[in-house]
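Breakdown of the fold
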Amino acid sequence: MLAATDAPRLEQLTLDFLAYLELERGLSRNTLNAYQSDLAQLGRFLTKRGVAPLHAQHGDLAAFLSDLARGGEDRPPVSPATLQRKAACLRSFYRHLRREGLLEHDPTADLRGPPKTQRLPKVLSREQVAKLLAQPKGTEPLALRDRALLEVMYACGLRVSEAIALEVGDVDLQEGMLRARGKGSKERIVPVGRQAVGALEVYCARARPRLVGLRVESHLLVNHRGAGLTRQGLYKIIQSYARAAGLSQRMTPHTLRHTFATHLLSGGCDLRSLQEMLGHADLATTQIYTHLSAERLKDAYFEAHPRAHMLGRGDARASGGRDDQTPVGAAG
C-alpha cells in the first residue's frame, strides 16, 4: 500500500495541474471539476494497486480505464464518451507532469480510450418548437420570464450555463444582440430574433422588476425570489413545459441548442457563421449538424418534388431509382 504522504502528493499535483488548465488554457469550471474528480478516482485505483501516481506505467493506466469500462457490483460500466474524457484527462495530466520535469517518460503516450460513437442529437421540428414556446401562458411574472427564457434559448442556441450567466448588460434589445459567455470564459456576440427581443422586452418591463424588488441583482433571468436562476432551476422549468407540450421524451434544455443549429443550417446559414454563433472552437464540432440537415433536405425533397412524390421512396428504389414505369428505350 502507498504511504500516507502519497495522497497529499497527488492532491497537490492535481491542484497545480488544474491551476495550469484554468489560468493558461482557460478551461471551464465544469471541465476542471470533472478532471479533479477523474484524478481523485485514479488516485484511489492506484492506491489499491500499491502504485504511486508518479510511478504509474502505461499498464496501470490502461487497467484503470478497463476497470471503469467493466464496472462492478456497486457501479455501472462507464460510457464510451466518459471513458474518452477520462483518457484525455490522464494524457493532459501526465504530459503536464513531464513538462514540469517530474517525469522522464509519459506513460500515456499510447493510451487510448474506446472508439467514440457519434450519435446524432435529437432536434425538434418547427411545429414542435412552436408548441413548446406557446406553453407559458398568462401575464404573471414567472410566465413572462419563462416565455423570455424559452424564446432566447431557441433564438440564440445558448447552453444552459450561458443562459443562467446572462446579465442585464449583456443584452442590447435595440440592436437585437447579446453577449454569451461560453466555455473557458470565451465571449461571443449572438443575434437575437424579433420574437425573442419582444419576449425579453415584456419580461424586463413587466416581470423582472416585480421579481427582483429592491435587491441588487445583475443576472437577467431570475427565480421567484429575485435571485439568478440556477442550472437545476432552468432544467425544471424547461422539462415542465416539455411535458405540457408532450415532448418530455424528446428533449432536454440542450435540445433547443441542437434545434437552433439544425434550423439555421436548413434555412441556408453557412457553417462558419453557425460555428461563430455556437461558440465552437473547432469547425468539426459544428459539422455534426450537417448530417441532421441532410436528413431534413431529403425529407423536404420527397415531400415537395413533383416527380419524387409520384412514387414513394420504396417504390422508386424498387423500380431501379426511376420515377416512372416507362420502359427503357421506349419513345417518349
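Along each chain, numbering runs from 1 in the same order as the chain's sequence is written. Owing to the predicted nature of the model, reporting of local features is limited to residues with pLDDT of at least 70; listing and counting of side-chain atom pairs is limited to 80 or more, with chain, interface and lining totals taken over all residues. Think of the side-chain values as coming from all heavy atoms in the structure, minus any hydrogens and water.

1. What to know about the overall build of the chain
What counts is decided by this rule: Where helices and strands are cited, they refer to DSSP runs of H or I of at least four residues and of E of at least two residues respectively, numbered from the N terminus. Classification of residues uses two cut-offs on accessible area relative to the type maximum, computed with a 1.4 Å probe and protein chains only: under 20% is buried, over 50% is exposed, and between them is partly exposed. We call two residues in contact whenever any of their non-hydrogen atoms come within 4.5 Å of each other. Note on areas: these come from Shrake-Rupley sampling with a 1.4 Å probe, and a residue is covered only by the protein chains present in the view.
Counting secondary structure elements, the chain contains 15 helices and three strands. A buried classification covers 42% of the 332 residues belonging to the chain. Pairs at least 24 apart in sequence give 54% of the contacts found in the chain among residues at least 6 apart. Here the chain displays about 18,800 Å² of accessible surface, and carbon together with sulfur accounts for 52% of that area.

2. Some remarks on the layout of surface pockets
The line we're drawing: With a 1 Å grid laid over protein atoms only, a set of points is called a cavity when a 1.4 Å probe fits there but cannot get out and a pocket when it is open yet has protein on both sides within 12 Å along at least five of seven lines; lining residues have an atom within 4 Å of a point. Grid points are joined across faces, edges and corners, and a volume is the space filled by probe spheres set on the points. In the scheme used here, Gly and all other residues not listed as nonpolar or charged are polar, with Ala, Val, Leu, Ile, Met, Phe, Trp, Tyr, Cys and Pro taken as nonpolar and Asp, Glu, Lys and Arg as charged.
In this model, the largest pocket occupies a volume close to 2,500 Å³. Looking at the lining of the largest pocket, the elements that each hand over two or more residues are α2 (29–49), α4 (80–99), α7 (160–165), β3 (187–191), α10 (253–266), α11 (271–278), α12 (283–286) and α13 (288–304). Top contributing element to the lining of the largest pocket by residue count: α4, with seven residues. Taken together, the residues of the lining of the largest pocket break down into 14 nonpolar, 20 polar and 16 charged.

3. Side note on the nonpolar core
Here is the rule: Nonpolar cores were defined as sets of buried Ala, Val, Leu, Ile, Met, Phe, Trp, Tyr and Cys residues, with membership established by side-chain atoms within 4.5 Å.
Membership of the largest hydrophobic core comes to 53 residues, with the highest contact counts inside it found for L132, M153, L178, Y203, L234 and M251. Counting residues per element, this core draws most heavily on helix α8 (residues 194–212), at eight residues. Look past the residues within four positions of L178 in its chain and what remains in contact with it is V152, C156, L158, L166, D170, V171, R188, I189, V190 and V192. Ranked by size, the runner-up nonpolar core spans 27 residues in total, among them L10, L46, L65 and Y94.

4. Observations concerning the sheet that holds strand β2 (residues 177–181)
Paired through backbone hydrogen bonds, the strands of a sheet run either parallel or antiparallel to each other. Our working rule: By the convention used here, strands pair only if DSSP detects at least 2 bridges between them.
Pairing is antiparallel across the open sheet formed by three strands, whose spatial order is β1-β2-β3. Only two strands of the sheet have a single partner each, and these edge strands are β1 (171–172) and β3. The sheet contact formed by β1 and β2 spans two bridges and is antiparallel. Along β2, the bridge assignment pairs D172 with M177.

5. Overview of the pairing of β2
What you see with β2 is a clean split: L178 and A180 sit on the buried side and M177, R179 and R181 on the side with no burial. In textbook terms, the turn of a hairpin is the stretch between consecutive antiparallel strands, and for β1 and β2 this stretch comprises four residues, one of which, G176, has a positive phi near 70 degrees. Direction of pairing for β2 relative to β3: antiparallel, over a ladder of five bridges. Directly across from A180, in β3, lies its bridge partner R188.

6. A short note on the pattern of salt bridges
Stated precisely, the cut-off is as follows: Here a salt bridge means any side-chain nitrogen of Lys or Arg lying within 4 Å of a carboxyl oxygen belonging to Asp or Glu.
This structure, assessed with the given rule, holds 14 salt bridges. Between K86 and D38 there is a salt bridge, with its nearest N and O atoms 2.7 Å apart. You can see K86 sitting in helix α4 and its partner D38 sitting in helix α2, a full 48 residues away along the chain. In terms of burial, K86 and D38 fall into one category: buried. Measuring nitrogen to oxygen at the nearest pair gives 3.8 Å for the salt bridge that ties D67 to R70. A residue pair is termed a helical-turn pair when its members lie 3 or 4 positions apart in one helix, as D67 and R70 do in helix α3 (residues 58–70) at three residues. Each of the salt bridges in this network shares a partner with another, and the network as a whole consists of D170, R179, R181 and E187.

7. Describing the packing of aromatic side chains
The line we're drawing: Working definition: a ring pair exists when centres of Phe, Tyr or Trp rings (six-membered ring for Trp) sit within 6.5 Å. Plane angles under 30 degrees give stacked, over 60 give edge-to-face, the rest tilted.
Inspection of every chain in the model, using the stated rule, returns four aromatic pairs. Ring geometry for F17 against Y35: centres 6.4 Å apart, planes inclined by 5 degrees, an arrangement best described as stacked. With F17 in helix α1 (residues 6–23) and Y35 in helix α2, this pair connects stretches of sequence that are 18 residues apart. The burial state of F17 is the same as that of Y35; both residues are buried. Measuring from centroid to centroid gives 5.3 Å for F17 and F93, while their planes differ by 75 degrees, and the two rings are edge-to-face. With F17 in helix α1 and F93 in helix α4, this pair connects stretches of sequence that are 76 residues apart. By the burial criterion, F17 is buried, and F93 matches it. Taken together, the ring pairs connect F17, Y35, F93 and Y94 into an aromatic cluster.

8. Examining the environment of R85
Structurally, R85 can be placed in helix α4. With 50 residues separating them along the chain, R85 and Y35 place their C-alpha atoms 8.6 Å apart.

9. Structural notes on the side chain of E217
Selection criterion: The sign given to each residue is positive for Lys and Arg and negative for Asp and Glu; His and the chain ends receive no count. Pairing of N or O atoms within 3.5 Å defines a polar contact, subject to two protein rules: one partner must be a possible hydrogen donor and the other a possible acceptor, and residues neighboring in sequence count only if both atoms are side-chain atoms.
On the secondary structure map, E217 appears in the loop between α8 and α9 (231–244). The buried charged residue E217 lacks any salt bridge, with R215 as its nearest oppositely charged partner at 4.1 Å. Within the structure, the side chain of E217 is placed 2.7 Å from the side chain of H219, a separation counted as a polar contact. Non-local contacts of E217, meaning those with residues more than four positions away in its chain, are made with R208, V212, V222, G226, A227 and G228.

That's the geometry; what it means functionally is another story.
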